[in-house]
Amino acid sequence: SSPEDDYVDHYVGINTHNEFTSRSRFDFDINYFDSHYMRGFFLNTDTINPILGIPSPIQYHLINTKAKYTYGNIGAKSNMDLLMNIADYTFDNFSNLTAPQNRTSPSITLGFNYRVFPNTTLRTELENTWTLHSDSKAADFDNSKHNFIFGGTWQYSKQFQTNLKLGYLHLGLNNGASNSIEYNDVTWNANLLWSPFTYSRLSLNAARNAAISVNSANVRTFDRFLVNWTHDWSNRLTTVINTSYESASNLSINRNDNFLSVLFDLNYGVRRWLGFGINYTYRQLNSDDRLLDFNQNTILFYVTANPRLSDDVKTPWITWY
C-alpha cells in the first residue's frame, strides 16, 4: 500500500562441481544479488541502528564468491575441507548515510571430519572472517572474527539425526584506536532433524553467536531458536511452517532486541515446470528502545516457471529477505 516501498530485486548465479579424483573434489559458486533492506527491519543488516527518516528502502548489490576444496573419499573414515568465501557489499542510494556500510568480508574455514562409529562423525573447524570497510572514515572499525569449533553428528536412523557444535570465539578491531575492543566467549549450535515419514520433516535449531556491528565498536550477541516443519501433502502440494525467535544484546549501548518471525508457505505444482504459491510472514521486534518496535505482515503470491525452482527449490527467496 506504500509505493515508496516498491522494489525489484535481481539474482544471477552459477555453480560448478568438479571431481579431479575419487579423493579430490572442488566446488565453486559465484552470484550477484541486487537487493534492498526493508524499512524498519534492521537486525539482518548487521548494523547497530536502523537509518530512520529515509523516503524509500536502502538498495545494495552483493557479489558473493565461494570455493570449497575437499580431500578424502566420500566413504572414507576421515576427510578434510578448505572453504574460502568473499562477500562484497556496495550500497546504491543514500550514499551520505550508507557509504560507511560498504565493505568486503573474506573468510577462510578449515575443517576436519573423523568417523568414530558408523553413525557418528566428529568435526573440528577453524573459522576466520575479516570485515574491511571501503570508506576511509569507517576504517577504524575493520575487525576480525576467529572461532574454534568442535562437534559432531549422530545419525540414529534415516529418520532421526542430531548435530552439536561448541566453539570458542574471539572478536577484535584490527586497528588499535580508541575504539579498540576485544570480546571472547563460548558459542554453540545444536540441530535436530526428525522425519517420521518420508513426506514430513521437522527441524529444530538453537544457536548462540556474536558479531561486531558494521561501522561500530558494538558487539552484538544473539541467541536464536528455530522450528521448521515441511510436509508434502501430495506430490504436488507442499506446506512449510517456520517459526524463529532471536534475542540480541548490544553490549556497547546496553540495549536488548527481541525478534519473532512466523512464516507459512503453500506451494502447488501444476506441472513439473510450473508452480503456484502463497506465502505469509509475520515479524515483530520488541526493543528496549521503543522507537525501533514494529509489527509487520507480508503476503506473497508467486509463480515459479522453471523445472529446478518449481520442483526442487520451491521458494528460494525465503532466505533472501
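Preceding block: the structure.
Rules used throughout
Residues numbered from 1 in each chain as written. Predicted model: local features only at pLDDT ≥ 70, side-chain atom pairs only at ≥ 80, totals over all residues. Heavy atoms only, no water. Phe/Tyr/Trp six-rings, centres within 6.5 Å; stacked < 30°, edge-to-face > 60°. Buried < 20%, exposed > 50% of the residue type's maximum accessible area, 1.4 Å probe, protein only. Lys NZ or Arg CZ within 6 Å of the ring centre and 35° of its normal. Salt bridge = Lys/Arg side-chain N within 4 Å of Asp/Glu carboxyl O. Helix = DSSP H or I, 4+ residues; strand = E, 2+ residues; numbered from the N terminus. Contact = heavy atoms within 4.5 Å. Core = buried A, V, L, I, M, F, W, Y, C linked by side-chain atoms within 4.5 Å. Pairing = 2+ DSSP bridges. Polar contact = N/O pair within 3.5 Å; in protein donor to acceptor, adjacent residues only side chain to side chain.

Undergrad: I'm lost on the packing of aromatic side chains in this one. Help?
TA: Two measures describe an aromatic ring pair: the distance that separates the ring centres and the angle between the ring planes. Under the criterion given, the structure shown has 10 aromatic pairs. Ring centres of Trp-229 and Trp-233 lie 6.5 Å apart, and the angle between their planes is 75°; this geometry places the pair in the edge-to-face category. Overall, Trp-229 belongs to the partly exposed group, its relative accessible area being 31%. Every member of this aromatic cluster is reached through a ring pair, and the members are Tyr-37, Tyr-60, Tyr-89 and Phe-91. Just above the ring of Phe-222 sits the side chain of Arg-224; from NZ or CZ to the centre is 4.1 Å.

Undergrad: How should the pattern of salt bridges be read in this particular structure?
TA: When their charged atoms lie close together, side chains carrying opposite charge are able to pair. As enumerated under the stated definition, the model contains 10 salt bridges in all. For Asp-232, the salt bridge identified is with Arg-201, shortest N-O distance 3.3 Å. Of this pair, Asp-232 sits in strand S11 (residues 219-232) while Arg-201 sits in strand S10 (residues 200-212); the two residues are 31 residues apart in sequence, bridging distant segments of the chain. A salt bridge links Asp-257 to Arg-255; its shortest N-O distance comes to 2.9 Å. Judged by relative accessible area, which is 0%, Asp-257 ranks as buried.

Undergrad: Would you mind going over the side chain of Thr-98 with me for this structure?
TA: Here Thr-98 is to be found in helix H1 (residues 95-98). Residue Thr-98 is classed as buried on the basis of its relative accessible area of 1%. Those residues in contact with Thr-98 that lie beyond four places of it in its chain are Ile-51, Ile-58, Phe-91 and Asn-93.

Undergrad: I tried to follow the nonpolar core on my own but got confused; where do I start?
TA: In a soluble, globular protein the nonpolar side chains are often hidden away together inside. Of all hydrophobic cores here, the largest spans 9 residues; its members are Phe-33, Tyr-37, Ile-54, Ile-58, Tyr-60, Leu-62, Ala-87, Tyr-89 and Phe-91. If you list the elements that add at least two residues to this core, you get strand S2 (24-37), strand S3 (58-71) and strand S4 (78-91). Apart from residues lying up to four places away in sequence, Ile-54 is in contact with Arg-39, Phe-94 and Leu-97.

Undergrad: Where do I start with the pairing of S10 in this structure?
TA: As defined by bridge partners, strand S9 (residues 182-197) adjoins S10 across 8 bridges and the pair is classed as antiparallel. Its bridge partner being in S10, Phe-197 is matched across the sheet by Ser-200. As defined by bridge partners, S10 adjoins S11 across 13 bridges and the pair is classed as antiparallel. Looking at the pairing, Asn-205 lines up with Leu-226 of S11. Connecting S10 to the next strand, S11, in antiparallel fashion are 6 residues, including Asn-215 with a positive phi near 55°.

Undergrad: Explain the side chain of Thr-45 here, please?
TA: Examined against the element boundaries, Thr-45 turns out to sit in the loop between S2 and S3. For Thr-45, a relative accessible area of 5% translates into the label buried. Looking at Thr-45, its side chain comes within polar contact range of the main-chain oxygen of Phe-42, at 2.5 Å. A polar contact of 2.6 Å, which involves the side chain of Thr-45, links it to the side chain of Thr-47. When near neighbours in sequence (up to four residues on either side) are disregarded, Thr-45 contacts Tyr-37, Arg-103 and Val-214.

Undergrad: When you look at the environment of His-17 in this model, what are you seeing that I'm missing?
TA: Inspection of the secondary structure assignment puts His-17 in strand S1 (residues 10-19). What makes His-17 partly exposed here is its relative accessible area of 45%. Sequence-wise, His-17 and Ile-241 are 224 residues apart; in three dimensions their C-alpha atoms are separated by 32 Å. Here Glu-19 takes part through its side chain, which lies 2.9 Å from a polar atom of the side chain of His-17. Polar side-chain contacts of His-17 include one of 2.7 Å to the side chain of Asp-27.

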